[in-house]
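# Commentary on secondary and tertiary structure
The primary structure of each chain is shown beneath.
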Amino acid sequence: GQFGVGFYSAFIVAKNVSVTSLKAGDTQAWQWSSEGSGSFTISPGPDAAKRGTTIVLHLKDDAEEFLDNARLESIVRTYSDHIGHPIMLALDHQTAKQINSANALWARPKSDITSEQYKEFFGHIAHDYSEPALILHYRAEGRSEYTVLLAVPGEQPFDLFDPERRGRQKLYVRRVFITDDAEILPAYLRFVRGVIDSEDMPLNISREMLQDNPTVARIRKAVTNRVLSELKKCAEGEAEKFAKIWKAFGAVLKEGLYEDMERRDQLYEIVRFETSKGSMASLKDYASRMKPQQTAIYYLTAEDASKVKASPQLEGYLARDIEVLLLTDPVDSFWVRTSLGYEGKPFKSVTQGAADLEGIPLADGSSKPQSQNAGTATLIAAIKQTLGEAVKEVRASARLTDSAVCIVADAMGLDRALEKLLARQGGNAAARSAAILEINPDHPLIVALAEKVKAKGVTLEIEEAARLLLDEAYIMEGEALSDPKGFAQRLTSLMSRTLAAS
C-alpha cells in the first residue's frame, strides 16, 4: 500500500484481510479487519503483537496457489525485484530468505558499475548472457524524469523475427515493474533490451492509458532519438564494433526506412549497404563516389545474396565504374519505393525501366559500339512475334556488355524482386506480370541471329532461339522456368543439330 494502489487487490485472492499495527512507544495494538464488502471493524489487537504492522490474508479456496513458496518467489522477482527494501520469504517459523535483489542497477552511477555487472544484469532481464555490443545508461531530467539502461545485444535474440515484432524494454515506475509491453521503442529497434524507470507516471497506469499518456509519448520520442544517436556515434567512431551490430540487426533497422518517415534522415546516417564496390558503405560514402553525370542512386534488389553480383543487369554499370547498392533483405524492396531519395538523388533500380547510361562513358574511356541495325530490329520483331504475351516488350539493351539477354521490369510497374515477394505472400507464385526482354545488340550470338533472320527470315530455328533466349534470361535471374520440359526439348534439339552439322 505504499503508493495507494494494490491493497484492495488483496481481496481478489482473500476472503478476509486483517491488519494489526502497534505504534512505537504504545503498548496497545489495534486490528483492522474486512471481508472487502464495503465495511470493516477495528478492535484491540492481540497482547503479543510486536511493534510494526502485520497483514494477514485468509485465502479463498481457489487461490491456494499463493501458498506455494515458488509461486510467491516468482511473483516477487517479476514485479518487485528492484524495490529498495528486502522482501523476505518465511520458509518456516525460524528461517527466512530474501527473495528480491533490492537493488536497481540503473539507479546507481555509471562510474560504480563494472562491465561484468552490466553483463550479468542484462543476462538476468533478457536471458542473454553474451557481452552487450552497446550500452546506454543515463538519467533524463526536465519535463519528465526517468532513468534509461538499455543494451544492444552481442547476438541476435531468438525472437528477433517473431511476427508480432514486440519490443522487449521493461517499463518501471519508481522501481516497480509495470509492463514489458509499453512499446517504448519502435518495432525496428525491438532488439534493444533493458529498462526505462519513470519518476512521473502513476503506478496504477494501465496498458490502455500507456497508449495516450503524454509522459510516455515524450519518453518514447526522446529515448528513440537517443538510441539512434548512439548508433550513429558508434557507426562513425567505432566501425569494427558497428559492423558486428549491423551484421546482427541491420535487416531489422532497415524496417525503419519504410515505417518511420519522421526519422528517415536519421536512419540514412546509420544504415550501411553491400555495394558493387565492397561492404559497409554509407549513403554518404556512396554519394561521394558518384560520377559527375550520374543523376540517381542505383540499386539492385534480389533474394539471393550469393548470386546478386553476377546479375547481368549490373554489367553496364560496372563497365562505367558506377557503384550499385546490392539490396538482399526483403524490406529493401519496400523502402526504396517509398523513399524520395538522398541529398536530392532518387533511388533507381537497375532492373527496372530504361538503363539511362548513354551519357556516362565507359571506365576505359571507350564508347560503346552501336551494332543495332535493320537486322537487329528485324530480330527484335521476330522474337516479340514468337514469344507473344510471354513478354511485354523486346528491346535492345544499354545495360548489357557481356551477356546476350536479361529481363527487366517496366518503369511504371513493380520491381521484379518485389513482385516475386508479393506473389509468394499471396500464395500464387505464378501470378507475375510479363517481363521486358532486353537483348545485347553487340553480343556475337545476337549479331549472328540478326544476320540469319535478315538473310532467311523467321525460321523454326529462329523461333526456338527466341524461346531459348527468354529461358536463359530467367535462369540467370534465378527464377523457375514456366515450361522446363519445353526448354529441355529445345536445348536437346539445338545440341543434336549442332552435333550433326559438325
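Here the structure is shown first, and the text comes after it.
A brief look at the structure comes next. Nothing here was measured: the structure is a model prediction, and the numbers come from that model. (Residues numbered from 1 in each chain as written. Predicted model: local features only at pLDDT ≥ 70, side-chain atom pairs only at ≥ 80, totals over all residues. Heavy atoms only, no water.)

For the rest of this paragraph, the subject is the overall build of the protein chain. Helices and strands together make up the secondary structure of the protein chain, namely 16 helices and 19 strands. Its C-alpha radius of gyration of 34 Å places the protein chain more than 25% over the 23 Å reference for a compact globule of 502 residues. Each principal axis of the C-alpha atoms in the protein chain carries an extent, and together these give about 120 × 50 × 35 Å. Split into buried and exposed, the 502 residues of the protein chain put 44% on the buried side. Looking at the protein chain alone, contacts between residues at least 24 apart form 66% of all its contacts between residues at least 6 apart. With the model as given, the accessible surface of the protein chain reaches about 26,500 Å², and the carbon-plus-sulfur share is 52%. In the protein chain, 61 side chains carry a positive charge and 70 a negative one; their mean positions are 2 Å apart. (Helix = DSSP H or I, 4+ residues; strand = E, 2+ residues; numbered from the N terminus. Rg over C-alpha atoms; globule rule 2.2 N^0.38 Å. Buried < 20%, exposed > 50% of the residue type's maximum accessible area, 1.4 Å probe, protein only. Contact = heavy atoms within 4.5 Å. Areas by Shrake-Rupley, 256 points an atom, 1.4 Å probe, with all protein chains shown as cover. Lys, Arg positive; Asp, Glu negative; His and termini not counted. Charge placed at Lys NZ, Arg CZ, Asp CG, Glu CD.)

Moving on, we come to the pattern of salt bridges. Summed over the entire model, instances satisfying the criterion amount to 32 salt bridges. With a shortest N-O distance of 3.6 Å, Glu-230 and Lys-233 are connected by a salt bridge. Here the residue Glu-230 and the residue Lys-233 both occupy positions in helix H5 (residues 214-237), the gap between them amounting to three residues, near one helical turn. Accessibility expressed as a relative area gives 16% for Glu-230, which makes it buried. Taking the relative accessible area as the measure of exposure, Lys-233 reaches 53% and is therefore exposed. (Salt bridge = Lys/Arg side-chain N within 4 Å of Asp/Glu carboxyl O.)

Okay, the pairing of strand S7 (residues 134-140) next. S7 sits mainly inside the fold: five of its seven residues count as buried. The pairing of S7 with strand S8 (residues 146-152) spans seven bridges and is antiparallel. The partner of Leu-134 across the bridge, within S8, is Val-152. Taking the residues between adjacent antiparallel strands as the criterion, S7 and S8 are bridged by five residues, where Gly-142 takes a positive phi near 140°. (Pairing = 2+ DSSP bridges.)

This part covers the sheet that holds S8. Spatial strand order, S7-S8-S11-S9-S10: five strands in an open sheet with mixed pairing. Sheet topology places S7 and strand S10 (176-179) at the edges, where each strand pairs with a single neighbour. Strand-to-strand twist in this sheet, taken as the mean axis angle between neighbours without regard to direction, amounts to 20°. This element, helix H3 (residues 115-126), spans S7, S8, strand S9 (168-173) and strand S11 (193-198) of the sheet and lies at about 90° to S11. (Axes fitted to C-alpha atoms, helices over the stretch in contact; angles between N-to-C directions.)

Here Arg-263 is to be found in the loop between helix H7 (255-259) and helix H8 (264-268). Excluding its chain neighbours within four sequence positions, the residues that come into contact with Arg-263 are Tyr-188, Lys-221, Thr-224, Asn-225 and Leu-228.

Right, let's get into the packing of aromatic side chains. Scanning the entire structure with this criterion turns up 14 aromatic pairs. An angle of 50° between the planes, with centres 5.4 Å apart, marks the rings of Tyr-79 and Phe-177 as tilted. Highlighted residues: Tyr-79 in helix H2 (residues 69-79) and Phe-177 in strand S10, separated in sequence by 98 residues. Its relative accessible area of 9% is what places Phe-177 among the buried residues. An angle of 75° between the planes, with centres 5.4 Å apart, marks the rings of Phe-121 and Phe-122 as edge-to-face. (Phe/Tyr/Trp six-rings, centres within 6.5 Å; stacked < 30°, edge-to-face > 60°.)

The next subject is the packing of helix H12 (residues 374-387) against helix H14 (residues 444-456). A pair of packed helices can be characterised by two numbers: the angle between their axes and the separation between those axes. Taken N-terminus to C-terminus, the directions of H12 and H14 make an angle of 85°; their axes are 8 Å apart at the nearest point. Between H12 and H14, the crossing angle belongs to the class labelled roughly perpendicular. Together, Gly-375, Thr-376, Thr-378, Leu-379 and Ala-382 of H12 and Ile-446, Leu-449, Ala-450, Val-453 and Lys-454 of H14 make up the contact between the two elements. A per-class count over the contact of H12 with H14 returns six nonpolar, three polar and one charged. (Parallel < 35°, antiparallel > 145°, perpendicular 65-115°, else oblique. Nonpolar A, V, L, I, M, F, W, Y, C, P; charged D, E, K, R; others polar.)

Spatially, the three strands line up as an open sheet ordered S17-S19-S18, and their pairing is mixed. Strand pairing shows two members of the sheet lacking a second neighbour, strand S17 (391-396) and strand S18 (405-408), which therefore form its edges. Adjacent strand axes in the sheet meet at a mean angle of 25° when their direction is disregarded.

On to the nonpolar core. Leu-189, Val-223 and Leu-231 are the most contacted members of the largest nonpolar core, which has 73 residues in total. It is H5 that contributes the most residues to this core, eight residues altogether. Not counting chain neighbours up to four residues away, the residues in contact with Leu-189 comprise Gln-169, Thr-224, Val-227, Leu-228, Leu-231 and Leu-253. Grouped together as the second largest cluster of nonpolar side chains are 27 residues, Leu-379, Ala-404, Leu-468 and Leu-469 included. (Core = buried A, V, L, I, M, F, W, Y, C linked by side-chain atoms within 4.5 Å.)

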